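Here's the letter readout for the chains.
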Amino acid sequence: EVQLQASGGGRVQPGGSLRLSCAASGFTFEDYAMSWFRQAPGKGREAVSCIQMSDGSTTYADSLQGRFTISRDNAKNTVDLQMRSLKSEDTAVYYCAAAYQCSDHTDYQSYWGQGTQVTVSS
């Protein structure tokens, strides 16, 4: 049974921080690139960040302006997203996903988690 369980979401004031975590099981975690996507109300699902399975290279959406950091721990089968200086436009459901290579296309992902809600509001 493949599982991607996201946690760490919640409500935070603008300028605050959150750390999201995704725990994977049921597949060979170290063979997959791991991504975070997000979907705001009324909008499509967009790529946020990805980390490769081998060389550890990372990619980020231009809109993040250096505020987010993705990391993975292959020993624990987890991928995290450290979110800083959060803005109202960061409000969305955040999903973790697994693919053979990093891709910003949703249809390329092999597995999806259920998502965790992040709300940035005063």
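**Section: the layout of surface pockets**
Right, so step 1: Roughly 150 Å³ of volume is contained in the largest pocket.
Right, so step 2: Every residue along the wall of the largest pocket is listed here: Arg-38, Gln-39, Ala-40, Pro-41, Lys-43, Gly-44, Glu-46, Glu-89, Asp-90, Thr-91 and Ala-92.
Right, so step 3: Here the residues of the lining of the largest pocket are counted per class, giving three nonpolar, three polar and five charged.

**Some remarks on the side chain of Arg-72**
Right, so step 1: Following the sequence through the fold, Arg-72 ends up in strand β7 (residues 68-73).
Right, so step 2: Glu-30 provides the closest opposite charge to the buried, salt-bridge-free Arg-72, at an N-O distance of 6.7 Å.
Right, so step 3: Of note is the side chain of Arg-72, whose polar atom sits 2.9 Å from the backbone oxygen of Phe-29.
Right, so step 4: Excluding its chain neighbours within four sequence positions, the residues that come into contact with Arg-72 are Phe-29, Glu-30, Tyr-32, Ala-33, Met-34, Ile-51, Gln-52, Met-53, Thr-78 and Val-79.

**As for the sheet that holds strand β1 (residues 3-7)**
Right, so step 1: Taken in spatial order, the four strands line up as β1-β3-β8-β7 in an open sheet, and their pairing is antiparallel. In this open sheet, the two strands that pair with only one neighbour each are β1 and β7. Shown here is a sheet whose adjacent strand axes are inclined to one another by a mean of 15°, direction ignored.
Right, so step 2: Pairing between strand β3 (residues 18-25) and strand β8 (residues 78-83): six bridges, direction antiparallel. Within the sheet, the bridge partner assigned to Leu-18 lies in β8 and is Met-83.

**Some thoughts on unusual backbone geometry**
Right, so step 1: Not every positive phi belongs to a glycine, and Gln-65 is a case in point at roughly 55°.
Right, so step 2: Assignment of secondary structure puts Gln-65 in the loop between β6 (58-60) and β7.
Right, so step 3: We classify Gln-65 as exposed; its relative accessible area is 60%.
Right, so step 4: Of note in this structure, Asn-77 is not a glycine but carries a positive phi near 55°.
Right, so step 5: With respect to the helices, strands and loops of the structure, Asn-77 is situated in the loop between β7 and β8.
Right, so step 6: Of the residues examined, Asn-77 reaches a relative accessible area of 21% and is grouped as partly exposed.

**Structural notes on the pattern of salt bridges**
Right, so step 1: If you walk through the whole model with that rule in mind, you get four salt bridges.
Right, so step 2: Across the pair Asp-80 and Arg-19 runs a salt bridge whose closest N-O atoms are separated by 3.4 Å. Taken together, the residues span a long stretch of sequence, with Asp-80 in strand β8 and Arg-19 in strand β3 at a distance of 61 residues.
Right, so step 3: Arg-67 is paired through a salt bridge with Asp-90; the nearest N and O atoms lie 2.8 Å apart. With Arg-67 in the loop between β6 and β7 and Asp-90 in the loop between β8 and β9 (92-99), this residue pair connects regions lying 23 residues apart in the sequence.
Right, so step 4: A relative accessible area of 0% places Asp-90 in the buried class.
Right, so step 5: Salt bridges here are not isolated pairs; linked through shared partners, they connect Arg-38, Glu-46, Arg-67 and Asp-90.

What counts as what
- Residues numbered from 1 in each chain as written.
- Predicted model: local features only at pLDDT ≥ 70, side-chain atom pairs only at ≥ 80, totals over all residues.
- Heavy atoms only, no water.
- 1 Å grid on protein atoms, 1.4 Å probe; cavity = no way out; pocket = protein on both sides within 12 Å on 5 of 7 lines; lining within 4 Å.
- Points joined across faces, edges and corners; volume = space filled by probe spheres on them.
- Nonpolar A, V, L, I, M, F, W, Y, C, P; charged D, E, K, R; others polar.
- Helix = DSSP H or I, 4+ residues; strand = E, 2+ residues; numbered from the N terminus.
- Buried < 20%, exposed > 50% of the residue type's maximum accessible area, 1.4 Å probe, protein only.
- Lys, Arg positive; Asp, Glu negative; His and termini not counted.
- Salt bridge = Lys/Arg side-chain N within 4 Å of Asp/Glu carboxyl O.
- Polar contact = N/O pair within 3.5 Å; in protein donor to acceptor, adjacent residues only side chain to side chain.
- Contact = heavy atoms within 4.5 Å.
- Pairing = 2+ DSSP bridges.
- Axes fitted to C-alpha atoms, helices over the stretch in contact; angles between N-to-C directions.

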